[in-house]
Amino acid sequence: GISGMGVIINKMASPIVDVYSLSCPASAPFFGYFGAAAAMFLANLGAAYGTAKSGVGISGMGVSRPDLVMKALIPVVMAGVVGIYGLIIAVIISTKIKAPSLDNGTMRPQYTLFAGAAHLAAGLAGGFSGLAAGMAIGIVGDIGTRALGQQPKLFVGMILILIFAEALGLYGLIVALIFSASPTGVCAE
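Overview of the structure. Just so it is clear, the model here is predicted, and its values are computed rather than measured.

What counts, and at which threshold
Residues numbered from 1 in each chain as written. Predicted model: local features only at pLDDT ≥ 70, side-chain atom pairs only at ≥ 80, totals over all residues. Heavy atoms only, no water. Axes fitted to C-alpha atoms, helices over the stretch in contact; angles between N-to-C directions. Helix = DSSP H or I, 4+ residues; strand = E, 2+ residues; numbered from the N terminus. Parallel < 35°, antiparallel > 145°, perpendicular 65-115°, else oblique. Nonpolar A, V, L, I, M, F, W, Y, C, P; charged D, E, K, R; others polar. Core = buried A, V, L, I, M, F, W, Y, C linked by side-chain atoms within 4.5 Å. Buried < 20%, exposed > 50% of the residue type's maximum accessible area, 1.4 Å probe, protein only. Salt bridge = Lys/Arg side-chain N within 4 Å of Asp/Glu carboxyl O.

On to the packing of helix α1 (residues 28-64) against helix α3 (residues 113-150), then. The interhelical angle for the contact between α1 and α3, taken along N-to-C directions, is 0 degrees, at an axis separation of 7 Å. Put simply, α1 runs roughly parallel to α3. Of the residues assigned to the contact of α1 with α3, the class counts are 20 nonpolar, 16 polar and three charged.

Here's what the structure looks like:
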């Protein structure tokens, strides 16, 4: 070896060998992490839109009927819940992604391409459902709160519409949980 500054460097170090395969490629974790990021980004995009759009309606209605502002905050809360759905999906997916392990100089993958595809699908299903729910909540929250300021009897109807809009995000969460819980296979030894 070569000696310098008290450190001995062995030029004949054994090379690290990887055993990636078609079923367990090195790129598989990319798809899993992309699914987690997509769930977070898309659901939060829907939550932000729903919050902003509902907030505009609440502000418009609050000028003439400030006594109804607290009642009208329900769409904002429901939009925030959509973001929590995305967070749940992202955390569940990211905890299931396994890094390759180093075993006697050999990199052994532990995450299959099937798992990456399942987690990508889970993230996209949950994320796009959250985006759709957030958009629906925002539109109903905007127009519904303005109408509530003119006719308070519309409150129950507005809440029912918001519940069905929120259910879209819940459906995406359920499908994402099913996708992420599917058996993913194992990498060959």
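This next bit is on the nonpolar core. Among the nonpolar cores identified, the biggest contains 16 residues, and A72, I137, L148, F155, M158, I159 and L162 are the most heavily contacted of them. Taken together, the elements giving at least two residues each to this core come down to α1, α2 (74-96), α3 and α4 (155-180). Here this core takes five residues from α4, the largest share from any one element. If you look at the next biggest cluster of nonpolar residues, it comprises 13 residues, including Y85, I97, Y111 and A115.

Okay, the pattern of salt bridges next. Following the criterion strictly, the structure yields four salt bridges and no others. Across the pair R65 and D67 runs a salt bridge, and its minimum N-O distance is 3.1 Å. The class of R65 is partly exposed, set by a relative accessible area of 25%. Across the pair R146 and D142 runs a salt bridge, and its minimum N-O distance is 2.7 Å. Here R146 pairs with D142, and both are found in helix α3, just four residues apart, close to one helical turn. What you see here is one network of salt bridges that share partners, running through K53, D142 and R146.

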